Amino acid sequence: MAKLVAGNWKSHGSQHQCNALIDGIIEGATSIAAPMIVAPAYPYLALAHSKIAAVNNIDLAAQNISAYEEGAYTGEVTASMVHDVGCSHVIIGHSERRSLFGDTNAHVVEKVTRAAEAGLIPIVCVGETLEERHAGKAFNVVESQVDVLFENAESKAAVRNAIIAYEPVWAIGTGQSASSEDAEEMHKHIRGVVQRHDAVQSASLVILYGGSVKPDTADELFSQPNIGGALVGGASLDAKSFLEIARVGAKF
Ligand code: PGA
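The following refers to the structure shown. Predicted model only: the values in this text are computed from it and were never measured. Along every chain, residues carry numbers that run from 1 in the direction the sequence is written. Given that the model is predicted, a residue must reach a pLDDT of at least 70 before its local features are reported, and side-chain atom pairs must reach 80 or more before they are shown or counted; all residues, however, enter totals for whole chains, interfaces and linings. Heavy atoms throughout the structure, all of them, feed into the side-chain values; hydrogens and water do not.

1. Re the overall build of the chain
1) Next: In this description a helix means any DSSP run of H or I spanning at least four residues, a strand means any run of E spanning at least two, and both kinds are numbered starting from the N terminus. Each helix and strand in the chain was counted, giving 12 helices and eight strands.
2) Next: Each radius of gyration reported is based on C-alpha atoms, and the globular scaling rule is 2.2 Å times the count of residues to the power 0.38. Its C-alpha atoms give the chain a radius of gyration of 17 Å, within 12% of the compact-globule value 18 Å for 252 residues.
3) Next: Overall size of the chain, expressed as C-alpha extent along the three principal axes, is 45 × 45 × 35 Å.
4) Next: By residue count, 52% of the 252 residues in the chain fall in the buried class.
5) Next: In the chain, the proportion of contacts linking residues at least 24 apart, taken out of those at least 6 apart, comes to 72%.
6) Next: What sets the accessible areas is the Shrake-Rupley method with a 1.4 Å probe; for residues, cover comes only from the shown protein chains. Summed over all atoms, the accessible surface of the chain reaches about 11,100 Å², with 52% contributed by carbon and sulfur.
7) Next: Only four residue types enter the charge count, namely Lys and Arg as positive and Asp and Glu as negative; His and the chain termini do not. Where a charge lies is defined by one atom per residue type: Lys uses NZ, Arg uses CZ, Asp uses CG and Glu uses CD. Where the 18 positive side-chain charges of the chain centre and where its 29 negative ones centre are 3 Å apart. Each residue is placed in one exposure class: buried if its accessible area under a 1.4 Å probe, protein chains only, is under 20% of its type's maximum, exposed if it is over 50%, and partly exposed if it falls in between. Contacts are residue-level and defined by heavy atoms, with any inter-residue pair within 4.5 Å sufficient.

Structure, rendered in structure tokens:
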């Protein structure tokens with residue numbers, strides 16, 4: 001099955017750059033039989049949606065949403081707002097949100113719940129820091145980040161359609177990807193953790209790998225049975241390299 005390739009554009013770009021990037025991706029995407037997702041910053045979501053609406057293998061994601069519903073929350077953007085401007089997916093709990101903006105596991109659960117209420121598919125990011133890996137805690141840390149998603153009936157229902165992205169913090173933006181064996185080992189572990197909560201969901205769960213994925217590392221990563229695709233940061237800002245990764249994804 002073709003692998004899913006999602007591009008997280010983070011806080012990059014301008015209207016002009018987003019236009020050019022999306023045009024470049026659309027131009028190549030029609031000849032690639034793999035599903036893709038692009039995640040521009042909030043101000044460019046509607047623009048991206050107007051361009052990809054007619055392209056059937058590119059979906060749109062927001063990079064974050066509020067843990068709150070509509071209300072007096074200055075500066076927050078709700079799940080229903082991003083859905084309203086054309087998003088089908090939302091990235092939740094990215095390590096940059098967790099480390100720089102105080103997103104805790106509890107916030108992640110709230111946001112996943114808001115996403116599901118609005119009809120969005122959450123892409124929930126999990127992953128350990130370098131210190132945690134060196135201390136032999138990587139599996140426990142990721143396990144608790146996954147377990148919490150199933151903490152009660154409401155969150156369990158909300159997370160049913162979720163995609164999980166394993167992104168070891170030390171591999172993000174560093175050029176130092178996890179080896180395909182290490183990534184596969186963790187993806188298998190994640191599937192096992194989900195299986196304890198919901199065997200049906202675990203069988204079809206898509207688990208993306210993220211952290212310095214490049215066109216020349218994609219093939220080895222995608223060859224692993226539990227790696228369902230990639231969440232790509234840096235390499236997704238260039239249409240050519242993003243499409244190359246998607247082209248590799250289409251081979252599977
Ligand atoms: P990177 O980012 O590909 O630049 O390492 C991945 C991510 O943060 O999702």
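From this point, the discussion proceeds with the structure in view.
2. Some remarks on the packing of helix α11 (residues 215–222) against helix α12 (residues 239–250)
1) Next: Orientation is described by lines fitted to C-alpha atoms, with helices fitted over the stretch in contact, and by angles between N-to-C directions that extend from 0 to 180 degrees. Two numbers describe how α11 lies on α12: the axes approach to 9 Å, and their chain directions differ by 25°. The angle between the axes of α11 and α12 places the two elements in the roughly parallel class. Judged by the twist between their axes, the crossing of α11 over α12 is right-handed. Side by side, α11 and α12 meet where Pro215, Ala218, Asp219 and Phe222 of the first sit next to Ser241, Glu244, Ile245, Val248 and Gly249 of the second.
2) Next: Nonpolar residues are Ala, Val, Leu, Ile, Met, Phe, Trp, Tyr, Cys and Pro. Charged residues are Asp, Glu, Lys and Arg, and all others, Gly as well, are polar. Residue classes in the contact of α11 with α12 are distributed as five nonpolar, two polar and two charged. Any angle from 65 to 115 degrees is called roughly perpendicular, while one under 35 is roughly parallel, one over 145 is roughly antiparallel, and all others are oblique. Handedness of a crossing follows from how the near helix is turned relative to the far one, being left-handed for an anticlockwise turn of less than a right angle and right-handed for a clockwise one.

3. A few points about helix α5 (residues 105–118)
1) Next: Under the convention used throughout, the expected extent of a helix is 1.5 Å for every residue step, that is, one less than its residue count. The end-to-end C-alpha distance of α5 is 20 Å, a good match for the 20 Å that 14 residues give at a rise of 1.5 Å each.
2) Next: Residues of α5 that are buried include every one of Val108, Val109, Lys111, Val112, Thr113, Arg114, Ala115 and Ala118, and no others.
3) Next: Taken together, the buried residues of α5 touch α3 (79–84), β4 (89–92), α4 (95–100), β5 (121–126) and α8 (153–158).
4) Next: Positive phi shows up at Gly119, right after α5, with a value of about 85°.

4. Some words on the sheet that holds strand β6 (residues 163–166)
1) Next: Around the barrel, which closes on itself, the eight strands sit in the order β1-β2-β3-β4-β5-β6-β7-β8 with parallel pairing between neighbours. For this sheet, the mean inter-axis angle between neighbouring strands, taken without regard to orientation, is 25°.
2) Next: Across four bridges, strand β1 (residues 4–8) lies against strand β8 (residues 229–232) in parallel orientation. Bridge assignment links Ala6 to a residue of β8, and that residue is Leu231.
3) Next: Where α5 meets the sheet, it contacts β4 and β5, and its direction lies at approximately 175° from that of β4. For two strands to be treated as a pair, DSSP must find at least two bridges joining them.

5. Topic: the site of the ligand
1) Next: The rule for a residue being near a molecule or strand is that one of its heavy atoms must lie within 4 Å of it. Around the ligand, a shell composed of 13 residues is seen, among which Lys10, His94, Glu167, Gly173 and Ser212 lie nearest.
2) Next: As used in this structure description, the phrase polar contact means that two N or O atoms lie within 3.5 Å; if the pair is within protein, one of them must be able to donate a hydrogen and the other to accept it, and residues adjacent in sequence are counted only when both atoms belong to side chains. Between the ligand and Gly173, the relevant distance is 2.6 Å, taken from an oxygen atom to a main-chain nitrogen or oxygen of the residue.
3) Next: Here an oxygen atom of the ligand and a backbone polar atom of Gly234 are 2.8 Å apart.
4) Next: Protein burial of the ligand: of its 280 Å² of free accessible surface, 97% is covered by the chains.
5) Next: Class assignment for the residues of the shell around the ligand results in four nonpolar, seven polar and two charged.

6. Re the nonpolar core
1) Next: Counting residues in hydrophobic clusters, the biggest one holds 70 residues, and the most contacted among them are Ile25, Ile58, Val146, Ile164, Ile190, Tyr209 and Phe222.
2) Next: Leave out the neighbours within four places in its chain, and Ile58 touches Ile25, Ile26, Ala29, Met36, Val38 and Ile52. Here the nonpolar core consists of buried residues drawn from Ala, Val, Leu, Ile, Met, Phe, Trp, Tyr and Cys, with membership extended through side-chain atoms lying within 4.5 Å.

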